[in-house]
Amino acid sequence: MANLNPNSTNYFHSYEPNTNDLTMAMDYNEAGEPIIRTVGYNSPGGNTFFGANYSIPLLPILQLNSYEGIKERNTQTYTGGGGSVSENGDITVSCSTTPGSYGVYRSLRFIPYRAGQSCVARVLGKFDTAVAGTQQRLGVANQENGYFVGYNGTSFQFLHAHSGVAEQWELDVNNTASANQTITLTLNSVATTIAILSGDTVNTIAQKISLAFDDSVWLADQVDDKVKLLSGSLGNLTGTFSFASTGNVTGTLTEKVSGVSATEQWHDITLPSWLVPTDYTHWQFQYAWQGVRVYALRDTSGTWELVHSHMPAECSISQTELIVTNPSFKTTAVAYNTGGSTAVTVHVSSFAGFVEGEEAITSFTHGGGVTQTSMASGTYWHIMSIQNPYTTANDKINYRSIRFLDLTVAVQCNDPVEFYIFFNGQPVSPAVFNFVSYPNRLYSADVTKKVFDHTLDTPVAALIAGITGSNSQFDLRPYNLVLPPGTHMSLVAYSTNSLNKVTIGGTWSQVG
């Protein structure tokens, strides 16, 4: 029978033994204090990093499966020296037999660290047999910091990479091109040539230079008449840096941040007898700014078991310092040949990233808009693009994403207007963007009228606005339109009738 408590809410409790008496639902912590048991008994993964129970939800940020393949909208791959990243049922990340070769596979999005909320990354993967002179890693990392588990040579260890700095340079383009010419930009003794046309403005030249880099060795953004260059590796770069042209265009190269090599702190791990690294294993990294706990899922019991804990007291960095410069990370897999003669492969089946708790807008949002006029029918017209750069105006690496919240549209047209949103799309006429900075804002925008070829890209959203006299407002939050650093998003309009005027206004927030 059920139990009625008439002195409170008159709620009928079940007669199950574990709920009939509150003490039956209690556990006790290390201090002997009673706590409510809401997860499996003695489950170390049952609390947040800050000790709260998992009644706090896990907010999914990214969920990537190998059967979906390698998709540039969701993942990034980097290879060198004959290393590779490929699809073979799972994702295989390999180095070659050449010392210095590597393969890197990681999520495009960061798991953003929000003050007071811890983060969780889960990776399903396996390692090759341990080989001397190689490294195999699974974990979380950003440009300058990281936490990993895996083989360091023949030892299975935990890696804390910290204190590295990626070098940053800035190129200022000084003048408009008076004739066709070729620019040669040399970065760390590697020369890249860029064709420039007569009449190209300083902003256009800067955009063409930024497009010449493929985001592997250098990550490049055009903002105004500048190209901001972030090294894809850590350490001080001592090669030649120079700008030259066969015509009148000149440029000024300035080092903004000197590079520093990372410190790699390896710790031995005593694995439980049931855990075999060459078998597929679910790994969980639970972290905040000052530390990380690593768990492995024991399939037979369905519980997360603590494998390693790395806190400030266990770190080589002074406890008066932060152990990472920024705890916003990407899920990452690495295979690296440190000097051996054998190739190794790390296998990845899935990546997942979560924030512990809910997402809320806790800072001011941002807004912008533009009016475009006189657009012919049957053409896909660029209205506005927003760029989230790799680096900030004060030369810090950008770990913050942009989330689009709302779009309002008014048109003067006798037919309905189709609006498309493209992720990392490229215009065709003219074939370059012109991103302009705004005071005290992270993002840059291009509001110049140009033409898109809709067959070159698949839109991430399609919207319809009414004819003249109607306004349309769209809630963009359900579409998950999130812009990681180093990407841009574009709004394009199309109608079967001429567009006399299109006015748009948008609102977005910075995440992380």
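Scroll up to find the structure this text is about.
Structural notes, computed from the coordinates. (Residues numbered from 1 in each chain as written. Predicted model: local features only at pLDDT ≥ 70, side-chain atom pairs only at ≥ 80, totals over all residues. Heavy atoms only, no water.)

## Details of the pairing of strand 13 (residues 155-162)
In step 1: Most of strand 13 sits inside the fold, with 7 of its 8 residues counted as buried.
In step 2: Here strand 12 (residues 146-152) pairs with strand 13 via 7 bridges, running antiparallel. Counterpart to Val149 in the pairing with strand 13 is Phe158.
In step 3: In sequence, strand 12 turns back onto strand 13 through a hairpin of 2 residues, with Gly153 there showing a positive phi of about 70 degrees.
In step 4: Strand direction decides the pairing type here: strand 13 and strand 21 (residues 263-268), joined by 6 bridges, are antiparallel. Residue pairing across strands places Phe158 opposite His267, the latter belonging to strand 21. (Buried < 20%, exposed > 50% of the residue type's maximum accessible area, 1.4 Å probe, protein only. Helix = DSSP H or I, 4+ residues; strand = E, 2+ residues; numbered from the N terminus. Pairing = 2+ DSSP bridges.)

## Some details on the nonpolar core
In step 1: Core analysis: the largest hydrophobic core is formed by 44 residues, its most contacted members being Tyr147, Trp283 and Tyr287.
In step 2: Among the nonpolar cores identified, the runner-up in size contains 34 residues, and Met384, Val411, Ala465 and Val502 belong to it. (Core = buried A, V, L, I, M, F, W, Y, C linked by side-chain atoms within 4.5 Å.)

## Details of the packing of aromatic side chains
In step 1: Enumeration over the complete set of coordinates arrives at 21 aromatic pairs.
In step 2: Geometrically, the ring pair formed by Tyr380 and Tyr494 is stacked, given 4.4 Å between the ring centres and 20 degrees between the ring planes. Linking Tyr380 in strand 28 (residues 380-388) with Tyr494 in strand 38 (residues 487-494), this pair joins segments that are 114 residues apart in sequence. Comparing Tyr380 with Tyr494 shows no difference in burial state: the two are buried.
In step 3: An aromatic cluster is defined as three or more aromatic residues linked by ring pairs; in this entry it consists of Tyr380, Tyr420, Phe422, Phe433, Phe435, Phe452 and Tyr494.
In step 4: Positioned above the aromatic ring of Phe110, the side-chain terminus of Lys330 is 4.7 Å from the ring centre.
In step 5: The cationic tip of Lys449 hangs over the ring face of Trp381; the distance from NZ or CZ to the ring centre is 5.7 Å. (Phe/Tyr/Trp six-rings, centres within 6.5 Å; stacked < 30°, edge-to-face > 60°. Lys NZ or Arg CZ within 6 Å of the ring centre and 35° of its normal.)

## Concerning helix 2 (residues 202-211)
In step 1: Most of helix 2 sits out of view: 9 of its 10 residues are buried.
In step 2: For helix 2, the full list of buried residues reads Val202, Asn203, Thr204, Ile205, Ala206, Gln207, Lys208, Ile209 and Ser210.

## Quick word on the pattern of salt bridges
In step 1: Applying the stated criterion across every chain yields a total of 11 salt bridges.
In step 2: For Lys226, the salt bridge goes to Asp225, with nearest N and O atoms at 3.4 Å.
In step 3: Its relative accessible area of 27% is what places Lys226 among the partly exposed residues.
In step 4: What makes Asp225 partly exposed here is its relative accessible area of 23%.
In step 5: Measuring nitrogen to oxygen at the nearest pair gives 2.7 Å for the salt bridge that ties Asp446 to Lys450. Here Asp446 matches Lys450 in class, with each residue buried.
In step 6: Taken together, the shared-partner salt bridges in this structure form one network comprising Arg114, Glu359 and Arg403. (Salt bridge = Lys/Arg side-chain N within 4 Å of Asp/Glu carboxyl O.)

## Things to note about the sheet that holds strand 18 (residues 226-234)
In step 1: The strand order across the open sheet formed by 4 strands is 17-18-14-20, and the pairing between neighbours is antiparallel. Edge strands, defined here as strands with exactly one partner in the open sheet, are strand 17 (218-223) and strand 20 (251-257). The mean inter-strand angle of the sheet, taken between neighbouring strand axes irrespective of direction, is 20 degrees.
In step 2: Examined bridge by bridge, strand 14 (residues 166-173) and strand 20 share 6 bridges and lie antiparallel to one another. (Axes fitted to C-alpha atoms, helices over the stretch in contact; angles between N-to-C directions.)

## Regarding the sheet that holds strand 16 (residues 190-196)
In step 1: Overall, antiparallel pairing links the 3 strands, which are arranged 16-15-19 in an open sheet. Two strands lie at the open edges of the sheet, namely strand 16 and strand 19 (242-245), each paired on one side alone. The sheet shows a mean angle of 20 degrees between the axes of neighbouring strands, direction not considered.
In step 2: Strand direction decides the pairing type here: strand 15 (residues 181-187) and strand 19, joined by 4 bridges, are antiparallel. Its bridge partner being in strand 19, Leu185 is matched across the sheet by Phe243.

Purely spatial values, then, with no claim about function.
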